[in-house]
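# What the coordinates show
This is what each chain is made of:
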Amino acid sequence: VKLVEGLLPFRRRASLARVSAVALVYLLVIGLLAMILAFALPPLFNQINRFFMELPQILEESQAVLQTQLQELQTHVPPEVQRQIDDGINKMGASLSAAVQDTALHSFSLVTSTFSVLLGSLAVPVWLFFVLKDRERMTEFMFRLFPTKVWPDLEAVFGIVDRILSAYIRAQLLLGLVIGVAVAVGLTLLGIPFALVLGLIAGLTEMIPVVGPILGSVAGIVVALATKPDLLPWVLVFYLVVQQVENNLLVPRVQGEALELHPAVIMVLLVAASDLAGFGGMLVAAPLAAVARDVFLYLYRRLGNNDERRRGEMAVR
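Residues numbered from 1 in each chain as written. Predicted model: local features only at pLDDT ≥ 70, side-chain atom pairs only at ≥ 80, totals over all residues. Heavy atoms only, no water.

## Here's the deal with the nonpolar core
With 25 residues, the main nonpolar core has Phe51, Val183, Leu187, Ile192, Leu198 and Val223 as its most contacted residues. Those elements that place two or more of their residues in this core are α3 (41-74), α8 (151-190), α9 (195-205), α10 (212-227) and α11 (232-259). In this structure, Val183 is in contact with Leu198, Gly199, Ala202, Phe238, Tyr239 and Val242, ignoring residues within four places of it in sequence. Judged by nonpolar contacts, the second largest core, of twelve residues, contains Ile164, Tyr168, Met282 and Ala286. (Core = buried A, V, L, I, M, F, W, Y, C linked by side-chain atoms within 4.5 Å. Buried < 20%, exposed > 50% of the residue type's maximum accessible area, 1.4 Å probe, protein only. Helix = DSSP H or I, 4+ residues; strand = E, 2+ residues; numbered from the N terminus. Contact = heavy atoms within 4.5 Å.)

Right, dumping it as structure tokens:
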């Protein structure tokens, strides 16, 4: 919106320029969404529909294939290990059966909740329009709650938070897009069904730190096990390669550049946050650490400048 507003010929008329910029951005987004809906989403929706309809059958077939392979493995292991494998098969079978039953029982609630989420999401564009249009007015109202002498500091702190969180969100969305497209293309080339759905799942779970890529790969492994078990080794190798590239190249560089944190620091933050605050802590540890660092540096320098100014005034007196 700021970029479009700066390009308008009547940008000096702040109110008219801001409303026009927001409207132009909305038209651009609507046009892009219309193109996506017309060309890209129909095959994806078809696969999603088929995927959920065939999910119980996929789980049953993957359980049967896994049991067959484990039974073949039992012929080459000692009896003690065979008993442990039997216990594992029984527990896995019970888990898969429960998953199938839960899928069947909650399918209606899933559909209704999805419609509720969609209806609730319709209010987001309207809310966002007013936030974008009246951002300066809302900021000014908030600043009036504080003494005028701290307004420059508030503006600087809000700028730090906005810059870091915006960069982090863009980084997460970029990671999800890259991994989702890579998984969809790779599984399509391997001939795995529901490649678009599996790519979508991988892209969404990629935004979850640490455990997200593992969750995304489980869905592809289960589908490969149920539909094309002969390609399972290649699917495992493919997901392993994707995760190695993601862990060693994409995540440290994209998140590190967005937050200006070293990859080693990000890893330590994730481990510490998981112990202190669990899963939610891992989601916010890196951006909060970057915000805290920059706010601390700003306040440290600000207080240092104040001390130097006071010393100068005392020397003059």
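## Looking at the packing of helix α7 (residues 135-143) against α8
Taken N-terminus to C-terminus, the directions of α7 and α8 make an angle of 130 degrees; their axes are 11 Å apart at the nearest point. Taken together, α7 and α8 sit at an angle that is classed as oblique. Our pair here, α7 against α8, has a crossing hand that is right-handed. Here α7 contributes Arg135, Met142 and Phe143 to the contact with α8, which in turn contributes Trp151, Leu154, Glu155, Phe158 and Asp162. Along the lines of polarity and charge, the residues of the contact of α7 with α8 split into five nonpolar, no polar and three charged. (Axes fitted to C-alpha atoms, helices over the stretch in contact; angles between N-to-C directions. Parallel < 35°, antiparallel > 145°, perpendicular 65-115°, else oblique. Left-handed = near helix turned anticlockwise from the far one by under 90°. Nonpolar A, V, L, I, M, F, W, Y, C, P; charged D, E, K, R; others polar.)

## Observations regarding the environment of Thr227
Within the secondary structure, Thr227 is located in helix α10. Residues Thr227 and Glu61 lie 166 residues apart in sequence; the distance between their C-alpha atoms is 7.8 Å. A distance of 2.6 Å separates a polar atom in the side chain of Thr227 from the backbone oxygen of Val223. (Polar contact = N/O pair within 3.5 Å; in protein donor to acceptor, adjacent residues only side chain to side chain.)

## Points about the pattern of salt bridges
Under the defined criterion, the tally for this structure stands at five salt bridges. In this structure, the salt-bridge partner of Arg144 is Glu140, at a minimum N-O distance of 2.7 Å. On the basis of relative accessibility, which here comes to 57%, the residue Arg144 falls in the exposed class. When its relative accessible area of 41% is taken as the criterion, Glu140 is described as partly exposed. Residues Asp153 and Arg302 are paired through a salt bridge, measuring 2.6 Å at the closest nitrogen-oxygen approach. In this pair, Asp153 is assigned in helix α8 and Arg302 in helix α12 (residues 263-316), connecting sequence segments 149 residues apart. (Salt bridge = Lys/Arg side-chain N within 4 Å of Asp/Glu carboxyl O.)

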